[in-house]
Structures are given as structure tokens and as C-alpha cells.
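What the coordinates show
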Amino acid sequence: MYEGQTVGVVIPAYNEAGFVGEVIETLPAIVDRAYVVDDCSTDDTWSEIEAAAMRVTAAAEMSGTAESSAAPESVGAAESADTADSAGPAESAGAAGTIETTAETGVSGQATVSTAETATLHPDGGGLDGPPIVTVRHERNRGVGGAIKTGYRLASEDELDVVAVMNGDGQMDPTLLERIVDPVVQGHAAYAKGNRLDNPDDRAGMPSWRLFGNGVLTYLTKLVSGYWGMSDPQNGYTAISREALDAIDVDRLYEGYGFCNDVLVHLNVHGFRVEDVPMPARYGDEQSHIRYSRFVPSLSWLLLRRGLWRYRMQYAEAGPRRPYVLLLAGGLGGTVGLATLGLAALTVGIGSAQAALSLLTALLGALFVTLAVTLDRLHSRTVDTDRYEPVGGD
């Protein structure tokens, strides 16, 4: 516990052998329960997760902090009948029940439920003084967002007060966890996230191409989410309150690398305060699993859809309508203007009156969009970072 509130940590992992075990074993004492989700890794990640979970439980038992000598709670991969006899070490511990998780198919941007993944449930290690470990293995790869969603659902069922996320690649310093969860525990925000970009010392360890990409995504996510004071939206070191977790539709959240951006949009629609927590960038020998040929177009489409959805929810169904009307008019005018300008250039020439009218229409569309964004910024929710001193170091 931390300041009288229970703390859970979701650890998504995909092909993180060599890293995820250390993440599990270095969790701070404030963690009441950790949910380690193997997203159908193809390396030794799952065996490393189980071994680390067993060592944590054994250490807790030896120190007298565990209330039971049973194995850690473990959720193994759902297997078909013809492969059940090779389920591995989690199966041998003896099943005590089942857990079902569901997946979002993402059809037309709506949350729909696929066939439930059924997995065996084993007794956990006992008390909450140490960090009991719940291990989950997806039977198919669902993306980092899908892994976090699984952990969020389980933490919500356990009714933990605060749920943090630490990736399984070792980039997130466990000693900073208290700093991340503190704004939520103290009631300053419903969602806290790391920020490596605003302080020059913090971003010094970030490769230049990552710094550029994060800078671009920061502006786009400000535009889409409405949190104009926020920075570093791709930072996955986060903490969320039980109230916020219960309010947002977890099933509807994106399952890929745009998960963090999507969460911010949903939080703003529900009126929650977000706080940035300065932290230094930390990179090692881990390998990025992002395929940019797929990531860029999929994230762009997600941001466009979520931006329109937020404007509709905040400025059409509630609140002032002008930003939404201006955005629609500007988007339509700009699209028509550019299309007719291109047609005029190919037919009657760029210097024609038709081309000039098309250009004027496009410029008016851009002006309307700018006005919509300006009004949205005036209504934006603040993001506080002034309470923090720099962390320093790597």
C-alpha cells in the first residue's frame, strides 16, 4: 500500500526475455499486486515471467510477509484439448478456477466482444505486504494496448485504488513508481504519466529520431485529446485511479501502440484531470517492436477518429457547439477547396478564376479549423507539472 491506498501494477511484455524478470523482481514494496501479461511471446518471456514470479513468492515466504505457501496466482495460455497435456509449469500447479478475458475487434471503431480467452487460475501467494504476482499469457498477440487492457480488467475486478503500468522492457525505473502514483493517491489527478520531454536533462538520453517523433506526436495528441499542457503522450509509465478506470470504456480502447494516446482522449471526455510527472529518458539494449510502416497510418487514422469523436462528445452533445461546427465546416471546406483546386489546375489552369475560388475555399476551411482548435484550447484542461523537482541521473 501507499499512503493508505492499494496499488497495482500492470506489466505488459512481448519478447522481453532478459528484461521482464528483473522488472518483476525489482517492484517496490508499495505494490500490492502485479499483473504480468505475456502477449503471446515467441521467445522465453513466459518461462522467465513464471520463474521470476516463483522467486518473488519464495522470497516473501522466507521473509515472513506471505500469508500462504501456495504458488503465485498464474493465468496460463488457453490451450485446445489436443495440447492441454503440454501446458507447462503453470498447469502443473493445479487449477483452482478460470478467468475469462475479452478482446476488442475494433470494427467501425466500436467495442465488440470476440470469443473469450479461457485460462487456468491458481492460488496466489497470500498477503499484500509483498507484491503477489498474477501471470497471464495471451493465446494470440493483441498488442501492448491489449495486454494493458487485460491487466486493467483484472485490477478493476480486484478493486485496487491505483493501477500503474510499467513496461516489461526495463525502460521504467522502479524507484520512480512512488513519484508516478503520488498525484493520483493525493487526489491531484485521476491519471498521472511520465514526461521525458520538457526538461533538457531528462530528454538527454533519448535518441534524436525518437525525440523528433515524440515531439510530433505530442502536438498531434494535444490537438486530439484536448490536454494542451500535456507532453510526451507515448510515455507508458502511468497511474490511473479506480474511479477513472471504472469510468472509461476499457473494451473500446485501442490495442496497439496508440493505446496511451487513446486513453487521454477518453479521460478528457469524462472530465478527468491529468498530471505530467517529469522523469529522465532511460534506454538500454531493449529492441523496439514498432513497425513504423503500420504504426504511422494506423495511429493517424486512430487520432483522426478519436479527435472527431471527442469534439462531438464535448461540443455537440454537451457544452458549446461552435468548435464542433467550425471543425466540420472547416474540414469540409478545406477538402472541397483542395479537390477543386487540383481539378482546376489539370483542366483550366492554375491562374483561372475557378482555381482562385477553390484556393479561397481551402483557405477559409483552414481558418475555420484554426478557430475551432483555438476555442478548444481555451476550454482545455490544465496539466500540472510545477510541483516537481527534477529527478536527475539516468
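Owing to the predicted nature of the structure, the values given are computational and were not obtained by experimental measurement. (Residues numbered from 1 in each chain as written. Predicted model: local features only at pLDDT ≥ 70, side-chain atom pairs only at ≥ 80, totals over all residues. Heavy atoms only, no water.)

For the chain, the count of helices and strands is eleven helices and eleven strands. Relative to its full complement of 394 residues, the chain shows a buried share of 49%. Within the chain, contacts between residues at least 6 apart in sequence are counted, and of these 79% link residues at least 24 apart. For the chain, the accessible area works out to roughly 17,800 Å², and carbon and sulfur atoms hold 56% of it. (Helix = DSSP H or I, 4+ residues; strand = E, 2+ residues; numbered from the N terminus. Buried < 20%, exposed > 50% of the residue type's maximum accessible area, 1.4 Å probe, protein only. Contact = heavy atoms within 4.5 Å. Areas by Shrake-Rupley, 256 points an atom, 1.4 Å probe, with all protein chains shown as cover.)

Here the focus is the pairing of strand β8 (residues 191-195). Counting buried residues along β8, five of its five residues qualify, which places the element largely inside the surrounding structure. Residues of β8 alternate between two faces, with Y191, K193 and N195 on one and A192 and G194 on the opposite face, all of them buried. Note that β8 and strand β9 (residues 238-241) share three bridges and pair antiparallel. When the sheet's bridge partners are listed, K193 is paired in β9 with T238. Inspection of the sheet shows β8 paired to strand β10 (residues 274-278) by five bridges, in the parallel sense. Bridging across to β10, Y191 finds its partner in V274. (Pairing = 2+ DSSP bridges.)

Under the criterion given, the structure shown has three aromatic pairs. Each ring, one from Y219 and one from W228, has its centre 6.1 Å from the other, and the planes form 70°; the classification is edge-to-face. Here Y219 falls in the partly exposed class, since its relative accessible area comes to 47%. Geometry around W309 places R252 over its ring, the cationic atom sitting 4.6 Å from the centre. (Phe/Tyr/Trp six-rings, centres within 6.5 Å; stacked < 30°, edge-to-face > 60°. Lys NZ or Arg CZ within 6 Å of the ring centre and 35° of its normal.)

What follows is about unusual backbone geometry. A positive phi is found at N15, a non-glycine position, where the angle reads about 50°. Relative to the elements of secondary structure, N15 occurs in the loop between β1 (7-13) and α1 (20-25). Positive phi, close to 60°, is recorded for C40, a residue that is not glycine. Among the structural elements, C40 can be located in the loop between β2 (33-38) and α2 (45-63).

What follows deals with the packing of helix α10 (residues 322-347) against helix α11 (residues 353-378). Between α10 and α11, whose axes approach to 7 Å, the crossing angle comes to 155°. Judged by the inter-axis angle, α10 sits roughly antiparallel to α11. In this structure, the crossing between α10 and α11 has a hand that is left-handed. (Axes fitted to C-alpha atoms, helices over the stretch in contact; angles between N-to-C directions. Parallel < 35°, antiparallel > 145°, perpendicular 65-115°, else oblique. Left-handed = near helix turned anticlockwise from the far one by under 90°.)

Glancing now at the environment of Y219. Of note, Y219 is situated in helix α6 (residues 208-225). Between the C-alpha atom of Y219 and that of M230, which follows or precedes it by eleven residues, the distance is 9.1 Å.

Where α6 contacts helix α8 (residues 259-269), the axes come no closer than 9 Å and their chain directions differ by 30°. By the criterion of interaxial angle, the relationship of α6 to α8 is roughly parallel. Here the hand of the crossing between α6 and α8 comes out right-handed. Packed against α6, whose contacting residues are T221, V224 and S225, the element α8 presents N261, L264, V265 and N268 at the interface. Across the contact of α6 with α8, the residue classes break down as three nonpolar, four polar and no charged. (Nonpolar A, V, L, I, M, F, W, Y, C, P; charged D, E, K, R; others polar.)

Our next topic: the nonpolar core. Formed by 34 residues in total, the largest nonpolar core has its most connected members in I24, L177 and V181. Residue assignment for this core shows that the elements contributing at least two residues are β1, α1, β2, α2, β7 (162-165) and α5 (177-185). Filtering out sequence-adjacent residues up to four positions away, I24 remains in contact with I11, V36, I49, A52, A53, V56 and I133. By size, the runner-up hydrophobic cluster in this structure holds 29 residues, among which are V136, L154, A244 and L267. (Core = buried A, V, L, I, M, F, W, Y, C linked by side-chain atoms within 4.5 Å.)

Right, let's get into the confidence of the model for the chain. Model confidence for the chain is summarised by a mean pLDDT of 79, while 76% of its residues fall at 70 or above. The low-confidence segment residues 76-130 (pLDDT under 50) makes 120 contacts with residues lying over four places distant or belonging to another chain. Confidence over residues 390-394 falls short of pLDDT 50; this stretch has nine contacts with residues more than four positions distant or in other chains. (pLDDT = per-residue confidence, 0-100.)

Here the focus is the pattern of salt bridges. By the definition in use, this model includes eleven salt bridges. A salt bridge links D251 to R153, with the shortest nitrogen-to-oxygen separation between them at 2.8 Å. Remark: R153 occurs in helix α4 (residues 144-157) and D251 occurs in the loop between α7 (242-247) and α8; sequence separation between them is 98 residues. Exposure remark for D251: the relative accessible area of 28% places this residue in the partly exposed category. (Salt bridge = Lys/Arg side-chain N within 4 Å of Asp/Glu carboxyl O.)

Another aspect to go through is α4. With 14 residues, α4 extends 20 Å between its outermost C-alpha atoms, agreeing within 8% with the 20 Å of an ideal straight helix rising 1.5 Å per residue. Most of α4 sits out of view: eleven of its 14 residues are buried. All of the buried residues in α4 are G145, G146, A147, I148, K149, T150, G151, Y152, R153, L154 and A155. Taken from the residues just after α4, E159 is the one with a positive phi, measuring 55°. (Expected span 1.5 Å × (residues − 1).)

Its 26 residues give α11 an end-to-end C-alpha distance of 38 Å, which sits within 8% of 38 Å, the value for a rise of 1.5 Å per residue. For α11, the complete set of buried residues consists of A355, S358, A362, G365, A372, V373 and D376.

A word on the environment of E243. Its location among the elements puts E243 in helix α7. Residue classification places E243 among the exposed residues on the basis of a relative accessible area of 58%.

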